[in-house]
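The lines below spell out each chain.
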Amino acid sequence: MKKLAGIILLWFVIGPVLAQEPKPPVRLAIIGLNHDAVGDFISRTRNREDVQLVGIVESNQTLVTSYARLFNLNTNFFYSSLQDLLAKTNPQGVAVFTRTFDHRSVIENCAAHKIDVLLEKPLAANMDDALAIAAAVKSSGIQIMVDYETSWYPSIQHAYAIANSQHAIGDLRKIVVIAGDQGPKEAGCSDEFLKWLTDPRLSGGGALTDFGCYGAALITWLTDDQRPDSVLATAQNLKPDVYARVEDEATIVITYPKLQGIIQASWNLPFSERSLQIYGNTGYVLAPHMDLVRFRLPGTEESELQLQAQQEPGPLTDDIYNFVAIVRGETNAIGPSSLQANLIAMEILDAAQKSIQLKKQIDLPKSTPW
């Protein structure tokens with residue numbers, strides 16, 4: 001009798017959990033094949049139970065043919081416009097891999113159809129477009145998540161926990177972010193990607209925009225979405241024969257009342273790098289690689305921690321996992337992925353461009369333009 005009672009009690013505890021049917025996968029579409037990162041994204045959507053890729057929007061038939069062959073997809077899976085796709089299927093969310101200049105029109109179109117958006121960084125090609133995107137998102141009530149690979153680095157998450165969540169290195173005084181590589185041409189980017197990435201109108205700039213956005217978003221996240229007081233930037237073109245129209249080297253200094261941020265964006269590094277250095281008034285934490293953290297706390301020597309990437313997708317490790325939760329209404333985009341953080345990041349990049357043009361420090365207005 002006691003055994004039977006135990007079984008009944010156990011069923012009341014776990015029965016409702018077992019009885020829950022698995023959630024249906026989120027219906028996801030891709031808009032744009034212009035960004036080389038789309039290939040990795042398509043690969044990662046396969047064999048997942050939480051998403052179902054229902055179509056790809058791309059008007060460039062050369063790209064359609066190339067990706068259809070690469071991933072063994074029927075050409076009927078591709079659509080020339082979002083309207084054509086919507087006539088055949090009903091996506092709950094879209095992942096955008098267009099030219100940066102096209103982000104505004106794509107998001108305004110998605111907002112009109114109440115479709116949530118996962119957006120390859122940066123938010124926009126210029127501040128005017130960023131403000132228009134914010135207005136469309138606000139009026140429609142959709143969610144937008146801006147995707148940076150660094151958001152999912154174990155080292156970055158661990159550094160944030162030490163510096164912010166635990167406040168283990170005291171009050172923050174200096175943050176340095178280095179982001180860059182050998183340059184898009186040297187790194188082997190496709191001709192289609194390279195064509196618009198080196199066009200200042202279509203991309204928003206060169207290395208300053210391409211890699212400066214990492215630092216702007218990370219520093220904004222680490223300062224709890226605080227807007228800086230001023231921005232001072234310098235840029236160079238060290239390879240004018242390769243990048244004739246955009247800068248390939250940039251440094252941005254952003255100042256806060258009690259903190260300085262330094263962003264170094266480069267297409268001239270010997271190897272790809274995304275590193276973070278956080279200095280407080282009592283210690284520091286460094287994240288030189290995606291899986292390595294070095295830190296020194298008060299009264300200790302420097303320690304090193306080798307991290308392992310989580311095998312299963314989770315809220316701190318996977319962009320698709322997070323976007324699925326956003327579409328399902330279980331969470332909102334937070335940290336460096338949030339719209340607020342990326343509006344501030346765009347404000348920093350916009351001021352940096354002005355600083356370079358005018359050769360002076362740019363003081364930011366006290367109130368936000370959004």
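The coordinates are above.
Residues numbered from 1 in each chain as written. Predicted model: local features only at pLDDT ≥ 70, side-chain atom pairs only at ≥ 80, totals over all residues. Heavy atoms only, no water.

(A) Structural view of the overall build of the protein chain. For the protein chain, the count of helices and strands is 13 helices and 15 strands. Relative to the compact-globule value of 21 Å for 370 residues, the protein chain shows a C-alpha radius of gyration of 22 Å, a close match. The principal-axis extents of the C-alpha atoms in the protein chain amount to approximately 80 × 60 × 40 Å. Counting contacts in the protein chain only where the partners sit at least 6 residues apart, residues at least 24 apart contribute 72% of the total. Separation between the mean location of the 31 positive side-chain charges and that of the 41 negative ones in the protein chain comes to 4 Å. (Helix = DSSP H or I, 4+ residues; strand = E, 2+ residues; numbered from the N terminus. Rg over C-alpha atoms; globule rule 2.2 N^0.38 Å. Contact = heavy atoms within 4.5 Å. Lys, Arg positive; Asp, Glu negative; His and termini not counted. Charge placed at Lys NZ, Arg CZ, Asp CG, Glu CD.)

(B) Summary view of the packing of helix H7 (residues 154–165) against helix H11 (residues 212–222). At a minimum axis distance of 11 Å, the contact between H7 and H11 shows a crossing angle of 35 degrees. Counted together, Ile156, Gln157, Tyr160 and Asn164 of H7 and Leu218, Trp221 and Leu222 of H11 form the full contact between these two elements. (Axes fitted to C-alpha atoms, helices over the stretch in contact; angles between N-to-C directions.)

(C) Representation of the sheet that holds strand E1 (residues 26–31). With parallel pairing, 6 strands are arranged side by side in an open sheet as E3-E2-E1-E4-E5-E6. Every other strand in the sheet has two partners, leaving strand E3 (78–79) and strand E6 (144–147) as the edge strands with one partner each. Pairing analysis gives 4 bridges linking strand E4 (residues 93–96) to strand E5 (residues 116–120), with the strands arranged parallel. Within the sheet, the bridge partner assigned to Ala95 lies in E5 and is Leu118. Strand contacts of helix H5 (residues 103–112): E1, E4, E5 and E6, with the helix running at about 165 degrees to E5, the strand carrying the most contacts. (Pairing = 2+ DSSP bridges.)

(D) Quick peek at the sheet that holds strand E13 (residues 292–296). Spatially, the 9 strands line up as an open sheet ordered E14-E13-E12-E11-E7-E10-E9-E8-E15, and their pairing is mixed. Each of the sheet's edge strands pairs with one partner strand only, and the pair in question is strand E14 (303–306) and strand E15 (362–363). With 4 bridges joining them, strand E12 (residues 284–289) and E13 adopt antiparallel strand pairing. Directly across from Val285, in E13, lies its bridge partner Phe295. Strands in contact with H7 are strand E7 (172–180), strand E11 (273–280), E12, E13 and E14; relative to E12, the strand with the most contacts, it is inclined by about 175 degrees.

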